[in-house]
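Here is how the chains run, residue by residue.
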There are 4 protein chains.
Amino acid sequence: MSIVALLHGPDRPGIVAKVAGWIHDRGGNVLHADQHLDREEDVFFQRVEWDVAEGGAPESEAGQFVSMARDELGMRTRVALADECPSVVLMVSKAGHCFHDLILRWKAGELRGEIAGVVSNHPDLREATEAYGLPFHHVPFEKETKPDAEAAQLAFIRGKGAGLVVLARYMQVLSEKFLAEVDCPVINIHHSFLPSFAGAKPYHQAYRRGVKIIGATAHFATPDLDEGPIICQDVTRVSHRNDVENLVAKGRDLEKIVLATAVRWQLENRILVYKNKTVVFD
Amino acid sequence: MSIVALLHGPDRPGIVAKVAGWIHDRGGNVLHADQHLDREEDVFFQRVEWDVAEGGAPESEAGQFVSMARDELGMRTRVALADECPSVVLMVSKAGHCFHDLILRWKAGELRGEIAGVVSNHPDLREATEAYGLPFHHVPFEKETKPDAEAAQLAFIRGKGAGLVVLARYMQVLSEKFLAEVDCPVINIHHSFLPSFAGAKPYHQAYRRGVKIIGATAHFATPDLDEGPIICQDVTRVSHRNDVENLVAKGRDLEKIVLATAVRWQLENRILVYKNKTVVFD
Amino acid sequence: MSIVALLHGPDRPGIVAKVAGWIHDRGGNVLHADQHLDREEDVFFQRVEWDVAEGGAPESEAGQFVSMARDELGMRTRVALADECPSVVLMVSKAGHCFHDLILRWKAGELRGEIAGVVSNHPDLREATEAYGLPFHHVPFEKETKPDAEAAQLAFIRGKGAGLVVLARYMQVLSEKFLAEVDCPVINIHHSFLPSFAGAKPYHQAYRRGVKIIGATAHFATPDLDEGPIICQDVTRVSHRNDVENLVAKGRDLEKIVLATAVRWQLENRILVYKNKTVVFD
Amino acid sequence: MSIVALLHGPDRPGIVAKVAGWIHDRGGNVLHADQHLDREEDVFFQRVEWDVAEGGAPESEAGQFVSMARDELGMRTRVALADECPSVVLMVSKAGHCFHDLILRWKAGELRGEIAGVVSNHPDLREATEAYGLPFHHVPFEKETKPDAEAAQLAFIRGKGAGLVVLARYMQVLSEKFLAEVDCPVINIHHSFLPSFAGAKPYHQAYRRGVKIIGATAHFATPDLDEGPIICQDVTRVSHRNDVENLVAKGRDLEKIVLATAVRWQLENRILVYKNKTVVFD
């Protein structure tokens, strides 16, 4: 049974030696270790994955590791056991490309975790969701009923015990209150190469500006729209021959791959957030 | 002897037939033809290159083509003869990577035209310029003396009969007056993926935002800083491991290739500008 | 109603003028035209798409165009009417990623044509096929029964009136007889950057060679295995950290996009084959 | 003063802890550490860079590290001091693009090491070499005089104390004898995406096969032509519009960047070779 730990905190000499020594001394075996030092901020980051000694108790080891890292190294640590299988809730609107892509990858074994349900403000993807054997929670709303709708969404998400919410082309802005209460990371896909073309209709904006390359960006949702920490981006070339509809079509392939990559990294505990940026131990 | 014509104007039926027929009837032979229809604006664009009939007078043919296109098709046309060799002036500051790259490509025969001289507000590249056998015009200035300096720059550019000015990492903003008077296209390289990170220190901006991809953009200079029509863009991946210095180094390779590509296209008469966008017949 | 024509034949002066003039004289309106001259072989290629005059008979116009191009220009021409909707048959084995990808794109309106059925030598994708509302034809075989199996496959394909067969990770070699009799193009996806790593287990070959980039290739199937005309290729970076399983996973995304692109181009009549190479009017 | 060590050997538990602990116990400070485990071969690889304790003797520390790694961990280790500046010899023929690119990068401070001279079988680049202030050694030869020529080349290389030889589009095959005697790594740039199109005229081969992407490959030269361990590759898209001359021009940009990247990695001690593959700690 293996443990993954993600640490970060002020740099000091000997962290690598201490971590590796602690694991080795307790009979553990390091499978992967990757670290990063932000020299500007003098912050140390590490992802370490190790097998617990034969007969060891992984949960107890993980807890003791967190205590050691805090008390002896001044590090904040997140740990996960390899057999944890976090519950994932998708939020969607009408577009189905990211929705199908994530569910098919999950069914093919490309993604860890367990997709537990789908929330939508539109009924369009109900049939497809149910054909995949998943619960579909339709929460339509108007501007005035948004607070109630968000409460219903949160209730569904909590009911599924979600460890991750994925906005798979969910076309509404989440309120600050929702983000404060959801109590798990929320990953969004924005259909532009951020920070270019934040906000509405990014492909139309890109077309008007006459850019020669378009992109997609997966990021953690924060109260500042499209301003959260960027996890993954990808781009593709376009030309004067491509109208807005072409950009939308080309963009769909980017969105699928970028969002699936970000979700996979998150479920494999590869992402640390610091100062509105991400460290991705890929 | 061949002619290149770049046409654009309101779409109407039969333009392709008319142009091809006109050339064919006069004994010409079409070498390349490429067209584009902007359906939103209903504007037709064409680049056509043809060999004039044996014994024909290319300059006269070119002139008659322009008249025909205007009178019979309502098109604005720019023509160039294949043996034209426009004079090019480079404007630089301290950084030499685009400067060396353009001159070496020109000497290797990769670029048409004739690099006729280098203008700089710093003396750093004098020796290298002169080693290439080119005149170097050093025009240092302060804020107050900028108008005089720009007059001196314009005099040099006019003296060389420049058909193109290339800002090869020239780190000053050109005044509206300069751009109005220079009387030839001015191509700039901006070291970001526009419209992200316009203005000063784009790599620092990119680092702070935590983007996962950086880029470079070649565009025509206009009075709106970094807002001119985009000609060419390219990008490369970065990660949390890359500090600002790394971004700068990775960016240099992008800048060289993007600027050289834009300059080559311009010298081969492949670019039409319309509504702050470019049509590039590559 | 519009017509697409794909022409090729020995170059001669005036082809563009003749084609454009013929269409214009009959009241047609050219929507797109793109041409290519292979200077080494002196062969001219063109794709032209036009609206027939109000009240015209597209089928008759198309037929007359083919005659004109043959008799007056010496060109071989393939024509298609815009409302044609060719029937497509997928051949699969066990892997479902290209299968799902093509069907979902088709259902989302990204692909022309009509997927008419799925043939497989394994039963694995039966349930998914039928959930999509498509007929699934399971034709298992051993080495000795391959001729009979291919006859059954051909009967199914003919019964669907297929205008295109897509090998969506079908893991068997088609016999020369099958390819001679199928009477429509067959597009295959090979999971390497051809000509590297033709044949079996290309990701294992790539891993052993230690390449830093892997790819996928869509090509027309011919009797020479993996030697047919290449339609589309794409690549992605890998490193020493990627084991064979990682290469397979990364490759799946390439395979989906490359195969879907090739199928889309074929269904939009954008591909001309000449001397085991393709001209793609994208 | 910092030290870089590159280790590899059979995996065993506790290597990371031992290495980090050894450095820490002697007052050193780890700057970077990166490791890789080849699970198929059970071989462990590590690159570690550390600052020696104030007042420490780097050369002695480096030597003791090698002994410790051998005796206590069974690892083979290569060490380098941060202020080492290996001498580099370029071998060229007629083409100058990689030659200029490497020398300009080196002069701009992008490459460590010291370019000490240029050997060529043609006189073409003599003037440019000398303008850069570098010695040019012209060693022309015929098939019969190749052994003597190689002896002269080796004498020049040894005379410069070369720690790296770079074949910057040197268009001759080096003999097995030369490679056995040169006693330092030799990096070559091959102008194709290996293993496709090994041998002569790869752009012609690529053109004939009709590939849609071309590439360049930097690899260590070994007696098996174009079969040595691959260090770096890059690719670019081409189409039916590109003739061989276009491929050659597009390829030059790839060759420059790929070769410069490989040379930079080698000079920064980032490359480990194992079983004809490379581990690159980028």
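Residues numbered from 1 in each chain as written. Chains lettered and ligands numbered in written order. Predicted model: local features only at pLDDT ≥ 70, side-chain atom pairs only at ≥ 80, totals over all residues. Heavy atoms only, no water.

### Overview of the interface of chain D and chain A
Then comes step 1: The interface of chain D with chain A comprises 14 residues on the first partner and 14 residues on the second.
Then comes step 2: Of all residues in chain D, the largest losses of buried area upon contact with chain A belong to A17, H24 and R39 of chain D, amounting jointly to 29% of the total for that side.
Then comes step 3: At the junction of chain D and chain A, the tally comes to three residue pairs in polar contact (both at pLDDT 80 or more).
Then comes step 4: If you list the elements that add at least two residues to the side of chain D that touches chain A, you get α1 (15-25) and β2 (29-38) of chain D.
Then comes step 5: Considering every element that reaches the side of chain D that touches chain A, the biggest residue donor is β2 of chain D, with six residues.
Then comes step 6: Split by residue class, the side of chain D that touches chain A holds six nonpolar, six polar and two charged. (Contact = heavy atoms within 4.5 Å. Buried area = accessible area lost by both parts, 1.4 Å probe. Polar contact = N/O pair within 3.5 Å; in protein donor to acceptor, adjacent residues only side chain to side chain. Helix = DSSP H or I, 4+ residues; strand = E, 2+ residues; numbered from the N terminus. Nonpolar A, V, L, I, M, F, W, Y, C, P; charged D, E, K, R; others polar.)

### Regarding helix α1 (residues 15-25) of chain C
Then comes step 1: Among the 11 residues of α1 of chain C, eight are classified as buried, and the element is accordingly described as predominantly covered.
Then comes step 2: Every buried residue of α1 of chain C is accounted for by I15, V16, A17, V19, A20, G21, W22 and I23 of chain C.
Then comes step 3: Taken together, the buried residues of α1 of chain C touch α1 (15-25) of chain B together with β1 (2-10), β2 (29-38), β3 (43-51) and α2 (58-73) of chain C.
Then comes step 4: Once α1 of chain C ends, the next one or two residues include G27 of chain C, with phi positive near 80 degrees. (Buried < 20%, exposed > 50% of the residue type's maximum accessible area, 1.4 Å probe, protein only.)

### With respect to the relation of the copies chain D and chain A
Then comes step 1: Between chain D and chain A, which share one sequence, the superposing operator has a rotation angle of 180 degrees and an axial displacement of 0.1 Å; the RMSD is 0.0 Å. The operation mapping one copy onto its partner corresponds to a two-fold rotation axis. The C-alpha atom lying nearest the rotation axis in chain D is that of A17 of chain D; the distance is 2.7 Å. (Least-squares fit on C-alpha atoms with pLDDT ≥ 70 in both.)

### A short note on the sheet that holds strand β10 (residues 213-220) of chain C
All names here are of chain C.
Then comes step 1: If you trace the seven strands from one edge of the open sheet to the other, you get β7-β6-β5-β8-β9-β10-β11, paired in mixed fashion. Pairing within the sheet leaves two strands with one partner each, and these edge strands are β7 (136-138) and β11 (230-237). Direction aside, the axes of adjacent strands within the sheet are offset by 20 degrees on average.
Then comes step 2: Here β10 runs beside β11; their pairing, made up of seven bridges, is antiparallel. Looking across to β11, one finds that T217 is bridged to Q233. (Pairing = 2+ DSSP bridges. Axes fitted to C-alpha atoms, helices over the stretch in contact; angles between N-to-C directions.)

### What to know about the pattern of salt bridges
Then comes step 1: As enumerated under the stated definition, the model contains 76 salt bridges over all chains in all.
Then comes step 2: E181 of chain B serves as the salt-bridge partner of R158 of chain B, at 3.9 Å between the closest nitrogen and oxygen. In this pair, R158 of chain B is assigned in helix α5 (residues 146-159) and E181 of chain B in helix α6 (residues 176-181), connecting sequence segments 23 residues apart.
Then comes step 3: As a salt-bridge pair, D34 of chain C and R241 of chain D come within 2.7 Å of each other at their nearest N and O atoms. With D34 of chain C in strand β2 and R241 of chain D in the loop between β11 (230-237) and α8 (244-267), this pair bridges two chains.
Then comes step 4: Connected via shared salt-bridge partners are D101, R105 and E110 of chain A together with R252, D253 and K256 of chain C. (Salt bridge = Lys/Arg side-chain N within 4 Å of Asp/Glu carboxyl O.)

### Structural notes on the relation of the copies chain A and chain B
Then comes step 1: Note on the copies: chain A fits chain B at an RMSD of 0.0 Å, the axial shift is 0.0 Å, and the rotation between them is 180 degrees.
Then comes step 2: Mapped onto chain B, 100% of the interface residues of chain A again fall at the interface, so both copies present the same surface.

### Digging into the pairing of strand β1 (residues 2-10) of chain A
Residue and element names in this part refer to chain A.
Then comes step 1: Extensive coverage of β1 is indicated by the burial of eight of its nine residues.
Then comes step 2: Bridging between β1 and strand β3 (residues 43-51) involves nine bridges; their strand directions are antiparallel. Within β3, the residue paired with S2 across the bridge is D51.
Then comes step 3: As judged from the six bridges shared by β1 and strand β4 (residues 76-81), these two strands associate in the antiparallel manner. Pairing of V4 across the sheet is with A80, part of β4.

### Topic: the side chain of K256 of chain A
Then comes step 1: Its place among the elements puts K256 of chain A in helix α8 (residues 244-267).
Then comes step 2: What makes K256 of chain A buried here is its relative accessible area of 10%.
Then comes step 3: In this structure, K256 of chain A is in contact with H97, C98 and D101 of chain A together with D101 and R105 of chain C, ignoring residues within four places of it in sequence.

### Points about the confidence of the model for chain A
Then comes step 1: Here chain A averages 95 in pLDDT, and 100% of its residues register 70 or above.
Then comes step 2: Here the complex is predicted with pTM 0.96, and the ipTM for its interfaces comes to 0.93. (pLDDT = per-residue confidence, 0-100.)

### A short note on the nonpolar core
Then comes step 1: Ranked by size, the top nonpolar core spans 93 residues in total, and within it L90, L102 and L259 of chain A together with L90, F99, L102 and L259 of chain C carry the most contacts.
Then comes step 2: Apart from residues lying up to four places away in sequence, L259 of chain C is in contact with C98, L102, V166, L167, A168, I187, N188, I189 and A218 of chain C. (Core = buried A, V, L, I, M, F, W, Y, C linked by side-chain atoms within 4.5 Å.)

### Description of the packing of helix α3 (residues 97-107) of chain C against helix α8 (residues 244-267) of chain C
Residue and element names in this part refer to chain C.
Then comes step 1: Close contact between α3 and α8 brings their axes to 9 Å; oriented N to C, the two are set at 45 degrees. Regarding the angle of α3 to α8, the classification is oblique. Here α3 runs over α8; the crossing is right-handed. On α8, the residues that touch H97, C98, D101, L102 and R105 of α3 are R252, E255, K256, I257, L259, A260 and V263. (Parallel < 35°, antiparallel > 145°, perpendicular 65-115°, else oblique. Left-handed = near helix turned anticlockwise from the far one by under 90°.)

### A short note on the state of the cysteines
Residues and elements named next belong to chain B.
Then comes step 1: Across all of its chains, the model carries zero disulfides over all chains by this definition.
Then comes step 2: With no disulfide of its own, C98 has C232 as its nearest cysteine by sulfur position, at a separation of 12 Å.
Then comes step 3: Since its relative accessible area comes to 1%, C98 is described here as buried. (Disulfide = S-S within 2.5 Å.)

### A word on the interface of chain A and chain B
Then comes step 1: Residue-level contacts link 35 residues of chain A with 35 residues of chain B.
Then comes step 2: Approximately 3000 Å² of surface area, both sides summed, lies buried where chain A meets chain B, with 48% of it carried by carbon and sulfur atoms.
Then comes step 3: Broken down residue by residue, the surface that chain A buries against chain B is led by R209, K212 and H240 of chain A, which jointly contribute 23%.
Then comes step 4: Joining chain A to chain B, the criterion identifies four salt bridges.
Then comes step 5: On inspection of chain A and its partner chain B, the count reaches 24 residue pairs in polar contact (both at pLDDT 80 or more).
Then comes step 6: Looking at the side of chain A that touches chain B, the elements that each hand over two or more residues are β2 (29-38), α7 (202-209), β11 (230-237) and β13 (277-280) of chain A.
Then comes step 7: A total of seven residues in the side of chain A that touches chain B trace back to one element, the largest contributor, which is β11 of chain A.
Then comes step 8: Looking at the side of chain A that touches chain B, its residues break down into 14 nonpolar, nine polar and 12 charged.

### Some thoughts on helix α8 (residues 244-267) of chain B
Then comes step 1: If you check α8 of chain B, its first and last C-alpha atoms are 34 Å apart, about what 24 residues at 1.5 Å a residue would give, namely 34 Å.
Then comes step 2: Just past α8 of chain B, the residue N269 of chain B takes up positive phi, approximately 55 degrees. (Expected span 1.5 Å × (residues − 1).)

### A word on empty space enclosed by the protein
Residue and element names in this part refer to chain C.
Then comes step 1: In the structure shown here, the tally under the stated rule is 15 cavities of 30 Å³ or more.
Then comes step 2: Counted as a void, the largest cavity has a volume near 70 Å³.
Then comes step 3: Around the largest cavity sit 15 residues that line it, and F197, A206, I213, I214 and G215 are the ones nearest its centre.
Then comes step 4: Contributing elements (two or more residues each) for the lining of the largest cavity: α7 (202-209) and β10.
Then comes step 5: A breakdown of the residues in the lining of the largest cavity according to their chemical character gives 11 nonpolar, four polar and no charged. (1 Å grid on protein atoms, 1.4 Å probe; cavity = no way out; pocket = protein on both sides within 12 Å on 5 of 7 lines; lining within 4 Å. Points joined across faces, edges and corners; volume = space filled by probe spheres on them.)

### Thoughts on the packing of α7 of chain A against α8 of chain A
All names here are of chain A.
Then comes step 1: Two elements in contact, α7 and α8, have axes whose closest approach is 9 Å; the angle formed by their N-to-C orientations is 125 degrees. As summarised for this structure, α7 and α8 are arranged oblique, according to the angle between their axes. Like other packed secondary-structure pairs, α7 and α8 cross with a definite hand, here right-handed. Of α8, the residues touching α7 (which contributes Y203, H204, A206 and Y207) are V244, L247, V248, G251, R252 and E255.
Then comes step 2: Of the residues belonging to the contact of α7 with α8, the class tally is six nonpolar, two polar and two charged.

### Overview of the sheet that holds strand β8 (residues 162-167) of chain A
Residue and element names in this part refer to chain A.
Then comes step 1: Strand order in the open sheet formed by seven strands is β7-β6-β5-β8-β9-β10-β11, and the pairing between neighbours is mixed. Unpaired on one side and paired on the other, β7 (136-138) and β11 mark the two borders of the sheet. Averaged over all pairs of adjacent strands, the angle between strand axes in this sheet comes to 20 degrees, irrespective of strand direction.

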